[in-house]
Amino acid sequence: MRKFIKRFYLVIILLFLYIPIIVMIAQSFNAGKSRAVWEGFSFRWYAELFADSAIINALSVTLTIALLSAVISTILGTLAAIGIHAMKKRPQAMMMTITNIPMTMPDIVTGISLMLLFMFAKVGRGYWTMLLAHITFDTPYVILSVLPKLRQMNSHSYEAALDLGATPRYGLTHVILPQIMPGVITGCLLAFTLSLDDFTVSYFTTSPLIQNLSTLIYSKARIGIEPTLNALSALMFAVLLLLLVVVNYRAAKVEKAQQGQ
Amino acid sequence: MIEETHLIDLENISKEYDGTTVLANMNLYIRKREFVTLLGPSGCGKTTTLRIIGGFEYPSTGRVLFESKDITNTPPYRRRVNTVFQKYALFPHLNVYDNIAFGLKLKKLPKKEIEEKVNAMLELVNLKGYGKRGVDALSGGQQQRIAIARALVNEPEVLLLDEPLGALDLKLRKEMQLELKNMQQRLGITFIYVTHDQEEALTMSDTIVVMKDGRIQQIGDPKKIYDEPKNAFVANFIGESNILEGVMKKDELVNFAGHDFVCVDYDFEKDEPVDVVIRPEDILLVGEDAGQLIGTVKSVLFKGVHYEMMIDDGQFTWKVHSTAMQPQGSRVGLSIIPFNIHIMHKPAPIPEKEAEK
Amino acid sequence: MNQIGSMPSWAIWAVLAFFILVMAGIIFIRSKRGKDNLHRGTTAFASPYTLWMIIFTVLPCLLIGYYAFTDSTGTFTLQNFAHFWDSNYAKNELYMQYGPEAAALIRRGTVNVDTLTYSLWMALLCTIICLILAYPTAMIMADRELKMSSAIVVLFVVPMWMNFLLRTIAWMSILEDQGLINQLLSALGMPKAQLMYNNNAVLLGMVYNFLPFMVFPIYTVLGKMDYKLHEAAQDLGANSFQTFIRVTAPLSLPGVISGITMVFMPSVTTFFIPRILGGGNTMMFGDLIESKFLTEGDWNVGSALSLIMMVLILISLGILRKADPEGEGGGLM
């Protein structure tokens, strides 16, 4: 009985989290435009989706910015983490404070402060300023995912490589990098996800002409969201879910293979 | 055999870290094929010395010479020296074979030659057939052997070992001590070995360098260090000791524990205060009336080969090792032959701050 | 209204160039000054990042400070902060611009201090509700008897992959007058309820969005907890309630604190959720700042408000840090 209550509670909480998603997906298949009235099943919005240039543009902005900012912040952040790890205590503490600023700062302040900077430097806001902003808030997360891996690493690993004749460059690429790779990948994925989902910072650092999905949705929220947007996010959701299943399935297979050895 | 030519010279090496002195004006030479042990408590600077020879730390002042050539600023990858690190520092992303082959691949040796050398090394460390295994799956002792193999396969002039046996259990440690010593003699490589374990140092070394607070206290072969410690610190650190305050009455006569004793030391000033060191196994238990001193047995511990007794003569509690047990509470006589009384100059006065430690 | 418009643009670039040069100089000097070991060379790897952060984080923060302490002509003033405390400021401004009718229209919510109090109150409520909902959830997820697979965590992550604006908007179709709940109510013959455009709707939206951020850190800490501790407590005579109060709860504190931080901070500053679900009847501090910058174009007061919010957040972080000095509360990952 107690087990039942526990399970029931969990189901209720999950239902709370999933109800809006179910509603959204249902709406994307609704033949009518109304949010409330079910007018029959249809793929109409999925078809219209690809004809809507505003949405397709926003999607490409969102995806390219997420990809670019993830790659750049991963490079910047991984290098920084290696550098910070090698520092003495005091400069290290200083670097960690700087790293923590954008993480403790509310998104809205990050967005506004960057907006002020771009206006101050007379840089017109648009695609590139949004990219710069995304790299800025992504990089600290990369650092925080890589640093623990560096700390876990045997502190003499790098020295051992150089001792055995490796140049510093070879030691970094062939000894340190492989060992911190899981952290680098986590950081990269985290950066990608954060960038994909960001609204507030993008809102302040781009112009109304260059919109990503979030700012597009925001601009349409008042007048009413078209089901095409629901269709789009249902599609993205499905793709991500599929990816997750594939990755998990492969991980399980690898694990099984290893156990079989 | 050890050759007389100096392989490595450390000249006036000092090292400061954020204002604290880790090494103070150190001079040391190491000969070819010598097994040198740097021995001392933690924080004495022994590991820093090793890391300076390896090229991982740069001295604040002074020079490092290798075959009389200055290598102070040579990076580790251009030194003919290899290191076995504390906790081994094996590369977890590589298997045993690739760990050992790491240095050879960097030298761009032909594949076949690498394979031969790695396999020979695996045989040398008794791990034939382990090449394909991951290093994390190995036991501490096996990892240790891989670390040694990984360094030795590069045929270095000098092998640096930083407390390599520290993580092993007692029995394995003793086995590895012998194995390492054998390996060193067979391969004819110079070993520089860092440890805080005096027994390990005595077992393996040709030369022991005892260090404390960044300064060398004594250099010598194990027997000399044990039998003729230069000061109370060395005496106390190497083996067990009774250390007493004494006064040198004249040549070959010293007063301590309220009595005059004949000894073999001379060249002291008259009535110079000295430290007197007597090893516990050098005190003979005799009948009550035959002893130079008389004391009461306070406690008895069985230590396997001998008994350890604490004997109070009213002024000082002596630690005595003997195979014959005297029951607790009994009165015994203590006798010390002149040869076993070691007299040392008091250490030069040191600033109070350091003295507190 | 762009005050720096009067400043020649070469001066702006000169300031930027100066900053970059100073940084480069510092890095250069540091690398020259005696290397004491092998690793010091690698510290230079952090310099691109350092430079980046100075331009895109430190400098922008300084700009906010600059605007907060100057007026529209660029002279030093504390007036922007005075406006924050002067609860009549907004009314006066409207009065002057539009006359008494406009000023009379304003009820609560437009005055700065009221807005801040209201935001803090809402954020506090949201945090408490999240904690009450999340703690049992995390406990059930970490419960060994139930043998939950680790996939359960994924179930909490998956919703976050959908754009959070769309998810929030989806609540509209559930709550609005013609929404699902009201359709259900009228089908049952009951009167319609006004569910949207009030505090409760905003609160619901906030709890919905931030709940996972409370669940994860608590789950991480509970999951890592040594199960033998429970057995030990019970062995020593504690019943399950006592075990919870004396062992589980104190040990999970780091997770709770990190959860509180992760929920409270974004709740205070959210401006999207109140806009959508509050329908403009409510105004939160994030709203206020946004409208100061983008609607009113008053950078100076906007910056002052941002600064006040930053200080508040730093203070609350400081208090939380005190409660969990090691900062061992698990984060998202």
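Residues numbered from 1 in each chain as written. Chains lettered and ligands numbered in written order. Predicted model: local features only at pLDDT ≥ 70, side-chain atom pairs only at ≥ 80, totals over all residues. Heavy atoms only, no water.

What chain B contains, in helices and strands, is 9 helices and 20 strands. Across its three principal directions, the C-alpha atoms of chain B cover 80 × 45 × 40 Å. Here chain B holds 357 residues, and the buried ones make up 51% of them. Averaging the positions of the 44 positive and the 52 negative side-chain charges in chain B gives two centres separated by 9 Å. (Helix = DSSP H or I, 4+ residues; strand = E, 2+ residues; numbered from the N terminus. Buried < 20%, exposed > 50% of the residue type's maximum accessible area, 1.4 Å probe, protein only. Lys, Arg positive; Asp, Glu negative; His and termini not counted. Charge placed at Lys NZ, Arg CZ, Asp CG, Glu CD.)

Moving on to the side chain of Q218(B). When you line up the elements, Q218(B) lands in strand β10 (residues 215-220). Discounting chain neighbours no more than four positions away, the residues touching Q218(B) are I208(B), V209(B), V210(B), K224(B), I225(B), E228(B), P229(B), K230(B) and V234(B). (Contact = heavy atoms within 4.5 Å.)

Next up on the list: the domain arrangement of chain C. Residues and elements named next belong to chain C. When cut into domains, chain C gives domain 1 (3-77) and domain 2 (111-323). Carbon and sulfur atoms make up 66% of the surface buried where domain 1 meets domain 2, a total of about 620 Å² over both sides. At the surface where domain 1 touches domain 2, the tally comes to 0 salt bridges. (Domains from an automatic or database assignment. Buried area = accessible area lost by both parts, 1.4 Å probe. Salt bridge = Lys/Arg side-chain N within 4 Å of Asp/Glu carboxyl O.)

Looking now at the interface of chain A and chain B. Quite often, the size of an interface is put as the accessible area lost when its parts meet. Contacts between chain A and chain B engage 19 residues on the former and 22 residues on the latter. Here chain A packs against chain B, burying approximately 1800 Å² in sum over the two surfaces, 63% of which is carbon and sulfur. Contact with chain B buries surface across chain A, with E159(A), D163(A) and L164(A) losing the most and accounting together for 37% of the total. Between R51(B) and E159(A) there is a salt bridge, with its nearest N and O atoms 2.7 Å apart. Counting every contact that joins chain A to chain B gives 6 residue pairs in polar contact (both at pLDDT 80 or more). Elements with a minimum of two residues in the side of chain A that touches chain B: α7 (157-163) and α8 (168-197) of chain A. Here the side of chain A that touches chain B is built from residues that sort into 9 nonpolar, 7 polar and 3 charged. (Polar contact = N/O pair within 3.5 Å; in protein donor to acceptor, adjacent residues only side chain to side chain. Nonpolar A, V, L, I, M, F, W, Y, C, P; charged D, E, K, R; others polar.)

For the rest of this paragraph, the subject is a nonpolar patch on the surface. All names here are of chain A. A grouping of L68, V71, I72, I75, L79 and W128 is seen on the molecular surface, where their side chains present a nonpolar patch of about 550 Å² in accessible area. When residues in the nonpolar patch are grouped by element, the largest group, 5 residues, is from helix α3 (residues 53-86). Mapped onto the secondary structure, V71 falls in helix α3. Judged by relative accessible area, which is 44%, V71 ranks as partly exposed. (Patch = residues over 30% accessible without salt bridge, like charges linked within 9 Å, V, L, I, M, F, W, Y side chains within 5 Å. Areas by Shrake-Rupley, 256 points an atom, 1.4 Å probe, with all protein chains shown as cover.)

It is worth spelling out the confidence of the model for chain B at this point. In regions of low pLDDT, the predicted coordinates are not meant to be interpreted in detail. All names here are of chain B. A residue-level look at chain B finds 97% of positions with pLDDT of 70 or above and a mean pLDDT of 89. In the model of chain B, helix α9 (residues 352-356) stands out as the element of lowest mean pLDDT, 39, in contrast to strand β3 (residues 35-39), which has the highest, 95. Contacts of residues 350-357 to residues separated by more than four positions or lying in other chains number 3 contacts, the stretch itself having pLDDT below 50. (pLDDT = per-residue confidence, 0-100.)

Where helix α1 (residues 2-28) of chain A meets helix α6 (residues 112-142) of chain C, the closest approach of the two axes is 10 Å, and the angle between their N-to-C directions is 125°. One finds that α1(A) runs oblique with respect to α6(C). Helix-helix and strand crossings are classified by hand; for α1(A) and α6(C) the assignment is left-handed. Touching K6(A), Y9(A), L10(A) and I13(A) of α1(A) are I132(C), L133(C), P136(C), T137(C), I140(C) and M141(C), all from α6(C). Across the contact of α1(A) with α6(C), the residue classes break down as 8 nonpolar, 1 polar and 1 charged. (Axes fitted to C-alpha atoms, helices over the stretch in contact; angles between N-to-C directions. Parallel < 35°, antiparallel > 145°, perpendicular 65-115°, else oblique. Left-handed = near helix turned anticlockwise from the far one by under 90°.)

Here we come to the pattern of salt bridges. Summed over all chains, the structure comprises 29 salt bridges over all chains. Among the ionic contacts, a cluster of salt bridges with common partners joins E159(A), K15(B), R51(B) and E57(B).

What follows concerns the interface of chain C and chain A. Tallying the contact residues gives 88 residues for chain C and 82 residues for chain A. Counting each side, the surface lost to burial between chain C and chain A is near 8100 Å², with a carbon and sulfur contribution of 80%. Interface area lost by chain C to chain A is led by Y49(C), W161(C) and M162(C), which between them contribute 10%. Taken together, the links from chain C to chain A amount to 1 salt bridge. K6(A) serves as the salt-bridge partner of D143(C), at 2.6 Å between the closest nitrogen and oxygen. Taken together, the connections running from chain C to chain A amount to 10 residue pairs in polar contact (both at pLDDT 80 or more). At 14 residues, the largest contribution of residues to the side of chain C that touches chain A is made by helix α2 (residues 47-68) of chain C.

As a further point, take the domain arrangement of chain B. Each assigned domain of chain B is listed with its residue range as follows: domain 1 (6-227) and domain 2 (241-345). Taking only C-alpha atoms into account, the centre of domain 1 of chain B sits 39 Å from that of domain 2 of chain B.

This brings us to the sheet that holds strand β12 (residues 253-256) of chain B. All names here are of chain B. Taken in spatial order, the 5 strands make up an open sheet running β13-β12-β11-β14-β20, and their pairing is antiparallel. Looking at the sheet topology across the chains shown, the edges are occupied by β13 (259-262) and β20 (342-345). Each strand axis lies, on average, 40° off the axis of its neighbour in the sheet, ignoring direction. Sheet analysis places β12 next to β13, joined by 4 bridges and oriented antiparallel. By the bridge assignment, N255 is partnered in β13 with D260. (Pairing = 2+ DSSP bridges.)

Attention shifts here to the packing of aromatic side chains. Applying the stated criterion across every chain, the model contains 38 aromatic pairs over all chains. For the pair F35(B) and F191(B), a centre-to-centre distance of 5.4 Å together with 35° between the ring planes defines the contact as tilted. With a gap of 156 residues between them, F35(B) in strand β3 and F191(B) in strand β8 (residues 190-195) connect regions that are remote in the sequence. When the centroid spacing of 5.1 Å and the interplanar angle of 50° are considered together, the rings of F302(B) and Y307(B) count as tilted. Given a relative accessible area of 56%, F302(B) falls into the exposed group. Every member of this aromatic cluster is reached through a ring pair, and the members are F199(A), Y203(A), F204(A), Y218(A), F164(C), F271(C) and F272(C). (Phe/Tyr/Trp six-rings, centres within 6.5 Å; stacked < 30°, edge-to-face > 60°.)

What follows is about α2(C). Residue and element names in this part refer to chain C. With 22 residues, α2 extends 30 Å between its outermost C-alpha atoms, agreeing within 8% with the 32 Å of an ideal straight helix rising 1.5 Å per residue. If you look at α2, its biggest bend is around 40°, right at I54. α2 sits mainly inside the fold: 16 of its 22 residues count as buried. (Expected span 1.5 Å × (residues − 1). Bend = angle between axes of the 7 residues up to and from the residue.)

It is worth spelling out the sheet that holds strand β1 (residues 6-17) of chain B at this point. Adjacent strands of a sheet form backbone hydrogen bonds with each other and so pair up, either parallel or antiparallel. All names here are of chain B. Spatially, the 4 strands line up as an open sheet ordered β2-β1-β4-β5, and their pairing is antiparallel. At either margin of the open sheet sits one strand with a lone partner, and together these are β2 (20-31) and β5 (69-70). Relative to β5, strand β4 (residues 61-66) runs antiparallel, the two sharing 2 bridges. Residue L65 lies in a different strand from β5, and its bridge partner there is D70.

Here we come to the pairing of strand β19 (residues 331-335) of chain B. Regular strands place their side chains on alternate faces of the sheet. All names here are of chain B. Summarising burial for β19: 4 of the 5 residues are buried, a large majority. Pairing between strand β15 (residues 284-286) and β19: 3 bridges, direction antiparallel. Note that in β19 the partner of L284 across the bridge is S335. Summarising the sheet, strand β16 (residues 293-302) and β19 pair through 4 bridges and their orientation is antiparallel. For I294, the partnering residue across the bridge sits in β19 and is G333.

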